[in-house]
Amino acid sequence: MPTDEIQTESGIILGRRHLLTGAAALGLSATFGAMPAMAQGAPKKGGTLRLGMEGGSPSDSLDPLTYADSIPIAMSLMLWNNLVEVADNGDATGELFEKWDVKPGAADWTFHIRKGITFTSGKTLDADDVIYSINMHRGETKSPAKSLLGDVTDVKKIDANTIQILMKNGNLDLPYNLSDYHIIVVPNGFKDWAKPDGTGAFTLEEFQPGVRATFKRKPGNYWKPNRGNFDRVELRYIGDAAARTQALLTGQVDAINRASPKTAALLEKNKNIKVSRTPGAGNRFCFVAHTDKSPYTNSDLMMALKHGIDRKTIVNNVFSGYASIGNDNCVGPRMKYYDPKQKLNSYDPEKAKFFYKKSGVTAPMELQVSEGAFTGATDAGQVFQESLAKAGIKLDLKRVSGDGYWDNVWLKVPFCAVYWGNRPTIDNQLTSIFSNGLSNPWNDTHFINDEFNKTLIAARVELDQAKRAQMYARCQELVSQNSGMVNFCVQDYLDAHSTKLKGLTISARYDLGDQRIAEKGWFA
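Conventions and cut-offs
- The residue numbers shown here count from 1 along each chain, following its written sequence.
- Confidence filtering applies because this is a predicted model: local features only for residues at pLDDT of at least 70, side-chain atom pairs given and counted only at 80 or more, and all residues used for totals across whole chains, interfaces and linings.
- The side-chain values count all of the structure's non-hydrogen atoms but skip hydrogen atoms and water molecules.
- The way it works is that DSSP assigns letters per residue, a run of H or I at least four long becomes a helix, a run of E at least two long becomes a strand, and they are numbered from the N terminus.
- Atoms counted for the radius of gyration: C-alpha only. Globule rule: 2.2 Å times the number of residues to the power 0.38.
- Each residue is assigned to one of three classes by its accessible area relative to the maximum for its type, calculated with a 1.4 Å probe on protein chains only: buried under 20%, partly exposed between the two thresholds, exposed over 50%.
- Residue contacts are counted whenever heavy atoms from the two residues lie within 4.5 Å of one another.
- The Shrake-Rupley method, run with a 1.4 Å probe, gives the accessible areas here. Residue values count only the displayed protein chains as cover.
- Counted charges follow a simple rule, with Lys and Arg positive, Asp and Glu negative, and His plus the chain ends left uncounted.
- Lys charges are placed at NZ, Arg charges at CZ, Asp charges at CG and Glu charges at CD.
- Pairing between two strands requires that DSSP report at least two bridges joining them.
- As a rule, the C-alpha atoms of each element are fitted with a line to give its axis, helices using only the stretch in contact, and angles between N-to-C directions run from 0 to 180 degrees.
- Ring geometry is summarised as follows: Phe, Tyr and Trp rings, the Trp one being its six-membered ring, pair when their centres sit within 6.5 Å, and such pairs are stacked at plane angles under 30 degrees, edge-to-face over 60 and tilted between the two.
- The directions considered for the arc are those from the helix axis to the C-beta atoms.
- We define the nonpolar core as a collection of buried residues of types Ala, Val, Leu, Ile, Met, Phe, Trp, Tyr and Cys that are connected through side-chain atoms lying within 4.5 Å of one another.
- Whether a crossover is right-handed depends on one test, that the path from the first strand over the helix to the second runs clockwise when the strands point away from the viewer.
- Residue-level confidence of the predictor is summarised by pLDDT, bounded by 0 at the bottom and 100 at the top.
- Polar contacts, as used here, are pairs of N or O atoms within 3.5 Å; protein pairs need one atom able to donate a hydrogen and one able to accept it. Residues neighboring in sequence count only if both atoms are side-chain atoms.
- The salt bridge criterion pairs a side-chain nitrogen of Lys or Arg with a carboxyl oxygen of Asp or Glu, the two atoms within 4 Å.

(A) Focus on the overall build of the protein. Across its full length, the protein carries 16 helices and 24 strands. What you see for the protein is a C-alpha radius of gyration of 22 Å, in line with the 24 Å of a compact globule of 524 residues. Relative to its 524 residues, the protein shows a buried fraction of 59%. Look at the contacts in the protein between residues 6 or more apart in sequence, and 72% of them connect residues 24 or more apart. Summing over all exposed atoms, the protein offers an accessible surface of approximately 19,600 Å²; the carbon and sulfur share of this is 51%. Side-chain charges in the protein split into 62 positive and 58 negative, and the spacing between the mean points of these groups amounts to 2 Å.

(B) How the structure looks around the sheet that holds strand β13 (residues 232-237). Read from one edge to the other, the open sheet built from seven strands follows the order β11-β12-β13-β4-β14-β22-β15, with strand pairing classed as mixed. Here the strands that pair on one side only, and so sit at the sheet edges, are β11 (202-208) and β15 (273-278). On top of the sheet, helix α2 (residues 70-79) reaches β4 (48-53), β11, β12 (212-217) and β13; it is set at about 165° to β13, its chief contact.

(C) Molecular detail of the packing of aromatic side chains. Throughout the structure, instances matching the rule amount to 25 aromatic pairs. Ring geometry for F287 versus F488: centroids 4.9 Å apart, planes at 40°, classification tilted. A residue pair is termed long-range when its members are at least 10 positions apart, and F287 in strand β16 (residues 284-289) and F488 in strand β21 (residues 485-491) qualify at 201 residues. The class for F488 is buried, based on a relative accessible area of 0%.

(D) A look at helix α8 (residues 311-318). Along α8, the positions that sit buried rather than exposed are R311, I314, V315 and V318. Projected down its long axis, α8 shows its buried positions confined to an angular sector of 110°, all on one face. Of the exposed residues in α8, the ones pointing more than 90 degrees away from its buried face are K312 and N317. On its buried face, α8 sits against α6 (261-268), α7 (299-307), β17 (323-325), α10 (377-389) and β21. Looking at the residues trailing α8, positive phi occurs at S320, about 50°.

(E) The nonpolar core, seen in detail. F287 and F488 are the most contacted members of the largest nonpolar core, which totals 106 residues. Within the second largest apolar cluster, 32 residues are counted, among which are L83, V86, W109 and A145.

(F) Structural view of unusual backbone geometry. Cis geometry marks the peptide bond from S294 to P295; its omega dihedral reads 5°. With respect to the helices, strands and loops of the structure, P295 is situated in the loop between β16 and α7. Backbone geometry at Q515 places phi at a positive 60°, although glycine is not the residue there. With respect to the secondary-structure elements, Q515 resides in helix α15 (residues 511-515).

(G) Structural context of the pairing of β4. Summarising the sheet, β4 and β13 pair through six bridges and their orientation is parallel. Across the sheet, the residue bridging to T48 is R232, located in β13. The pairing of β4 with strand β14 (residues 255-256) spans two bridges and is classified as parallel. Counted as the bridge partner of G52 is I256 from β14.

(H) Just the pairing of strand β18 (residues 365-369), in detail. Judged by how many residues are buried, β18 sits mostly within the fold: four of five residues are covered. When β18 meets strand β19 (residues 395-399), the two strands line up parallel, connected through five bridges. Looking across to β19, one finds that E366 is bridged to D396. As for the winding sense of the linkage, the β-α-β connection from β18 through α10 to β19 is right-handed.

(I) Region of the structure containing the confidence of the model for the protein. On average, residues of the protein score 91 in pLDDT, and 92% of them reach the 70 mark or higher. pLDDT under 50 marks residues 1-39. Its contacts with residues more than four places away, or in other chains, come to 96 contacts.

(J) Expanded view of helix α5 (residues 241-249). Among the residues making up α5, those that are buried are A241, R244, T245, A247 and L248. Viewed end-on, α5 has its buried residues packed into an arc of 160°, placing them on one side of the element. As for α5, its buried residues are in contact with β4, β14, α6, β15 and β22 (493-498). With a side-chain oxygen positioned 3.2 Å from the backbone nitrogen of A242, the residue opening α5 is D240. Positive backbone phi, at 80°, marks G251, one or two positions downstream of α5.

(K) Broad picture of the pattern of salt bridges. Scanning the model with the defined rule gives 35 salt bridges in all. Here D129 ties to K123 by a salt bridge, and the two come within 2.7 Å at their closest N and O atoms. A relative accessible area of 0% means that D129 is categorised as buried. Judged by its relative accessible area of 29%, K123 falls in the partly exposed class. Note that E519 and K224 form a salt bridge whose closest N and O atoms lie 3.2 Å from each other. In this pair, E519 sits in helix α16 (residues 517-520) while K224 sits in the loop between β12 and β13, placing the two residues 295 residues apart along the sequence. Overlapping salt bridges, with partners in common, bring together E85, E95, K224, R227, R509, D514, R516 and E519 in one network.

(L) Local environment of the side chain of E95. Topologically, E95 is positioned in the loop between β6 (92-94) and β7 (97-102). For E95, the residues in contact, after removing those within four places along its chain, are N81, N82, L83, V84, E85, R114, W223, K224, R516 and E519.

(M) Up close: the side chain of K520. Inspection of the secondary structure puts K520 in helix α16. Owing to a relative accessible area of 7%, K520 belongs among the buried residues under this scheme. Reaching out from K520, the side chain makes a polar contact with the side chain of D88 at a distance of 3.4 Å.

(N) Local environment of the environment of N327. Its place among the elements puts N327 in the loop between β17 and α9 (349-359). Under the relative-accessibility criterion, N327 is labelled buried at 7%. Considering only alpha carbons, one finds N327 and Y132, 195 residues apart in sequence, at a separation of 38 Å. Setting aside anything within four residues of it in sequence, one finds N327 in contact with R311, Q342, K343, L344, N345, S480 and N487. At 2.9 Å, the side chain of N327 and the side chain of Q342 are in polar contact.

Okay, here's the thing in structure tokens:
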């Protein structure tokens, strides 16, 4: 990812992220109020942006507690805003929060809310709206962001534009956690998700889940300078990669996400199309097993599966080399605190055979796969099946419909395909997926490990960068060797778009400009 930070020999990163750590140590104010700089010339107003996207289903909703894929996130960020935005270089920058202060220990935070911002209904944004929006993800809730806010003990109103957040355990990365895409800001008491009332650049015209959605730019000037330029946005659900590519080539859409690795090289040769590639920062593709359900309670069986998957063949054949080999913990190779010395669960049929025999399991396992999980899931499953067979392990593949996959398969069946998006920090990545046992609604392997939880908590407030790196290295090892995850690769992000579309920069977090291309972009 592009960055203006400098990494020292000790591993300390200097820049605004380092200033946050220093502020926490000294009790100073950390201010990140400036919006990210624009690129590619001065933006122009007008036009209709047409997006062809994978990453949604007929069960999609605008309720942020349900967001699980790219299309709902992209729609949400047209209508609402987050509290914190992650800039292209990875910094936590103010969105509806203008700035923040933190006391030593990183457990007492004060956040200052931008003034003069209104919702579609005309209501002025205030502290009550922010507190209500945060509390949707705390306590008795099914929100996937619950684990990110698990240490928050209180959210207090100081005045109309200031709140205080107190934590039982400090966390230097709290602003990043508050950037989570589920944590959008709505008016106090708001619940009617079919009639969005947001501070975003657009209003909703039409929404047909699984088919299309259209949006119209609000009158007047958007509160973010140089953003919210398109008159309208049309988003089409196009789950098939070949169909998305064809729609782009024939001018039916202006941009697509998740361009097929098999056709990316050809697209790059088209003078009217630009392909944006972010190596090692894309989706983490996995097969996940519930380790509290037989036979996946057997740790030897899990090690047999981890050593029985031919990761390199999947990277080369399924993703045409546009990916990096994963090591079963979803920590990508470009992420700060990634441990390059960690023990690798590499493909080794003899080792897989050893662990399988030791497990005593003899019955075939069933893996449910679908292109509704991610493009290439079925092919990756077939490679997995074939490579396990070389170790004498039988795996049955069950191909299921993509419709309703995230509601009916993921988190429901004991062994299935899934992908996880990139997160801005290693703490956010590990917390979202593995922390807090079964109280974490997105702990899709039912991973429970006390040492992991304690080490993760300690790392959040450790100012010694070398010690913090050691702690996160141990967390990676514990997950890789003990969880039910087989994270076989980390894909490169591959967006493709017409050259007339400007403003699509490579993001430190998600594709399509952190799913904000509708807000950030314009036509030349």
